[in-house]
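Topology and contacts: notes
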Amino acid sequence: MDELDVDRLREHELRNRSGWNADAPNWVEGGRRNWASSEPTWGMFELPESELKLLPDVDGLDAIELGCGTAYWSAWLARLGARPVGIDLSERQLETAAMFQSEHGLQFPLIHASAENVPLPDESFDFAFSEYGAAIWCEPQAWLAEAYRLLRPGGRLIFLGNSPLVMLCAKETELDEVEDAVGPQLMRPQFGMHRLEWPNEEEVSFLLPHGEMIALLQQIGFELESLTEIQAPEGAEETRYFVPRSWARKWPCEDVWSVRKAA
Ligand SMILES: C[S@@+](CC[C@H](N)C(=O)[O-])C[C@H]1O[C@@H](n2cnc3c(N)ncnc32)[C@H](O)[C@@H]1O
């Protein structure tokens, strides 16, 4: 369903749409693997949900995935009994998601829209979710306020993105496929961290330090349930995306936030 209001897209949304359309072919293989996995997994080191136990019981819930990409998380929410809707800014990513829906015989609505301006009514979902979708590509105030608006009272939002620490330690280089892009040194100030851009990358991402994120969540009206800092599991040394496993054994590479709209 194409609901994209192009005239309302801001500069970073235009850049992210264009960048993700161009990058979509590179996410087909990973999406295919994740659609076929035996259980949902979290983040770049693919920690299984059976270990982390971060998902609530979603059976019977109306769920929305904000920045669903290939929609493998929505597929898992459907398999767990939820009624998911996937939203994404990139029509190419949604084409991949639709292809996997056909291959797996698992249908749910896919909407072409920005998570900063979702064309759906207030209080229409019990559960909102983002794994590296709106959680990092959207301006925090804009998408979190939208998630709050979309949730019914008592509804929960869970989102995963990079940790502040991994971005503080990332070098001024193109991040993807660079073996030593993250090291043990702080490369930039934490104060003022908000919008992140990298040389030669069209996309723009966002990240707030923990204190500012907590203040923003509370200002919007969310109650904080938990913040889980992800540690990579033991294993052979390798770099996932831009993070070496040895780095992520010592420091958190990702955060999972769970917050609730008061009942
Ligand atoms: C790394 S993917 C994450 C999604 C999913 N977990 C996956 O791996 O396929 C990031 C997605 O966020 C989407 N995105 C970026 N900005 C967005 C926005 N403003 N609204 C909705 N989706 C957005 C991109 O198009 C992309 O599909």
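Everything numeric in this text was worked out from a predicted model, so none of it was measured. (Residues numbered from 1 in each chain as written. Predicted model: local features only at pLDDT ≥ 70, side-chain atom pairs only at ≥ 80, totals over all residues. Heavy atoms only, no water.)

1. Some words on helix α7 (residues 140–150)
Along α7, the positions that sit buried rather than exposed are P140, A142, W143, L144, E146, A147 and L150. Two or three places before Q141, at the opening of α7, E139 has a side-chain oxygen 3.3 Å from that residue's backbone nitrogen. (Buried < 20%, exposed > 50% of the residue type's maximum accessible area, 1.4 Å probe, protein only. Helix = DSSP H or I, 4+ residues; strand = E, 2+ residues; numbered from the N terminus. Polar contact = N/O pair within 3.5 Å; in protein donor to acceptor, adjacent residues only side chain to side chain.)

2. A closer look at the UniProt feature "domain: Methyltransferase type" (unreviewed entry) in the protein chain
In the numbering adopted here, UniProt assigns the feature "domain: Methyltransferase type" (unreviewed entry) to residues 65–159. Along residues 65–159, the helical share is 39% and the strand share 28%, with 10 Å between the first and last C-alpha atoms. (UniProt positions renumbered as here; feature names shortened; annotations may be inferred.)

3. Description of the site of the ligand
In the vicinity of the ligand lie 19 residues, with T70, D88, Q93, A115 and E131 positioned nearest. Residue A115 places a main-chain N or O atom 2.8 Å away from a nitrogen atom belonging to the ligand. The protein chains hide 97% of the 590 Å² of surface that the ligand would expose on its own. Classifying every residue of the shell around the ligand by side-chain character gives 10 nonpolar, 7 polar and 2 charged. (Near = heavy atom within 4 Å. Areas by Shrake-Rupley, 256 points an atom, 1.4 Å probe, with all protein chains shown as cover. Nonpolar A, V, L, I, M, F, W, Y, C, P; charged D, E, K, R; others polar.)

4. Brief notes about the side chain of R188
Relative to the helices and strands, R188 resides in the loop between α8 (164–168) and β8 (195–196). The buried category is assigned to R188, whose relative accessible area is 16%. Looking at R188, its side chain comes within polar contact range of the main-chain oxygen of M167, at 2.5 Å. A distance of 2.7 Å separates a polar side-chain atom of R188 from the backbone oxygen of A170. The residues touching R188, leaving out its near neighbours within four places in the chain, are M167, L168, A170, K171, E172 and W198. (Contact = heavy atoms within 4.5 Å.)

5. Comments concerning the sheet that holds strand β4 (residues 83–88)
Pairing in this open sheet of 7 strands is mixed, and the strands run β5-β4-β3-β6-β7-β13-β10 from one edge to the other. Each end of this open sheet is capped by a strand with a single partner; those strands are β5 (110–112) and β10 (222–230). Adjacent strand axes in the sheet meet at a mean angle of 15 degrees when their direction is disregarded. Taken strand by strand, helix α4 (residues 72–79) contacts β3 (62–66), β4 and β6 (125–131), and its axis lies near 170 degrees from that of β4. (Pairing = 2+ DSSP bridges. Axes fitted to C-alpha atoms, helices over the stretch in contact; angles between N-to-C directions.)

6. So, the packing of aromatic side chains
Tallied over the entire structure, the rule returns 13 aromatic pairs. For the ring pair W20 and W137, a centre distance of 5.5 Å and an interplane angle of 80 degrees mean the geometry is edge-to-face. One end of the pair, W20, is in helix α1 (residues 11–23); the other, W137, is in helix α6 (residues 134–137), with 117 residues separating them in the sequence. The burial state of W20 is the same as that of W137; both residues are buried. Arranged with centres 5.2 Å apart and planes meeting at 45 degrees, the rings of W247 and W251 form a pair that is tilted. Residue W247 is classed as buried on the basis of its relative accessible area, which comes to 4%. Overall, the relative accessible area of 28% leaves W251 in the partly exposed class. Members of the aromatic cluster, each reached through a chain of ring pairs, are W20, W27, W137 and Y241. Over the ring of W76 we find R79, and its NZ or CZ is 4.8 Å from the ring centre. It is K261 that lies over the ring of Y148; its NZ or CZ is 4.5 Å from the centre. (Phe/Tyr/Trp six-rings, centres within 6.5 Å; stacked < 30°, edge-to-face > 60°. Lys NZ or Arg CZ within 6 Å of the ring centre and 35° of its normal.)

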